[in-house]
Amino acid sequence: FLTKRHILASNPTEGINSPKLGQSLPKALNSQQIKKLFKYTQGEDAAQKRFNLILQLLYGGGLRVTEHLTLKLSDIDSEEDTILRITGKGDKTRLVPIGDTTAATLKHYIAEIRPQFSTQKYDITKSDWLFPSSYKMGQPMTRQRFFQLIRAAGQTANIPELSPHALRHTFATHLVEGSADLRAVQLMLGHANLATTQIYTKVVTDRLRSAIESNHPLAKS
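In what follows, the accompanying structure is described.

Thresholds, definitions, all that
Residues numbered from 1 in each chain as written. Predicted model: local features only at pLDDT ≥ 70, side-chain atom pairs only at ≥ 80, totals over all residues. Heavy atoms only, no water. Helix = DSSP H or I, 4+ residues; strand = E, 2+ residues; numbered from the N terminus. Buried < 20%, exposed > 50% of the residue type's maximum accessible area, 1.4 Å probe, protein only. Patch = residues over 30% accessible without salt bridge, like charges linked within 9 Å, V, L, I, M, F, W, Y side chains within 5 Å. Areas by Shrake-Rupley, 256 points an atom, 1.4 Å probe, with all protein chains shown as cover. Salt bridge = Lys/Arg side-chain N within 4 Å of Asp/Glu carboxyl O. Pairing = 2+ DSSP bridges.

### Some thoughts on the side chain of threonine 105
As for its position among the elements, threonine 105 is in helix H4 (residues 100-113). For threonine 105, a relative accessible area of 18% gives the class buried.

In structure tokens form, the structure reads like this:
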């Protein structure tokens, strides 16, 4: 700052190594929180069923918010309904498999639930967006509305500061905890570098260490 303004002739900090910054670890939900979240977001009306699918895709597919909002009907495998074609960062396309339960929910949503969001002015079935906006014709659901739905669900299930990114982290963490291949997790998340995915191995290691320290007699003594 001072050298750029010619107050100092030379930079006294040159040659000094920068401090090593701590690695920011993702906050993942545990299995009980996930069960509670789905329990408190069950419902029979169209909005609740749509949101249940949103949750299943976030936790079951690990999608980013933008990837979720820009999903189109044409991105779904028409034969199996278990493969999503996702366009991620840098316009890179990847294939993301979803489980049978989510696939069944998705199929029911497209056939029975999605058309219920049509209005007199707007026939939603003419839109290719999987989650079209109810207010902006021909546009996908807004990020603001998306985050609002997730936060409201977190408050209902007593999970403070719940975010779509937390569910993406939970998807990856639970896969690694279940001994999933790290390369496979990288491909599903759309990480360009495996080093980015390796953060989840540290998350799992920290959880195991915490479990030992809390429960093992030798650790307590």
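From this point, the narrative continues.
### Concerning a nonpolar patch on the surface
On the surface, Phe1, Leu2, Ile7 and Leu8 cluster together into a nonpolar patch covering about 410 Å² of accessible area. Considering the arrangement of structural elements, one finds leucine 8 in the segment before helix H1 (31-40). The partly exposed category is assigned to leucine 8, whose relative accessible area is 35%.

### Things to note about the environment of alanine 103
When you line up the elements, alanine 103 lands in helix H4. As for alanine 103 and glutamine 56, which are separated by 47 residues in sequence, their C-alpha atoms are 9.4 Å apart.

### Observations concerning the pattern of salt bridges
Scanning all chains against the criterion turns up three salt bridges. Linking glutamate 67 and arginine 64 is a salt bridge whose minimum nitrogen-to-oxygen distance equals 2.5 Å. Residue arginine 94 is joined to glutamate 67 by a salt bridge in which the shortest nitrogen-to-oxygen separation is 2.9 Å. You can see arginine 94 sitting in strand S2 (residues 93-97) and its partner glutamate 67 sitting in helix H3 (residues 65-69), a full 27 residues away along the chain. Accessibility classification places arginine 94 together with glutamate 67 in one group, the buried group.

### Describing the pairing of strand S1 (residues 83-87)
Here S1 shows a buried face lined by Leu84 and Ile86 and an unburied face lined by Ile83, Arg85 and Thr87. In terms of strand pairing, S1 meets S2 through five bridges, oriented antiparallel. Bridge pairing links arginine 85 to leucine 95 in S2. Hairpin geometry of S1 and S2 is characterised by an intervening segment of five residues between the two adjacent antiparallel strands and by a positive phi of about 70° at glycine 90.

None of the figures reported here should be taken as evidence of function without further support.
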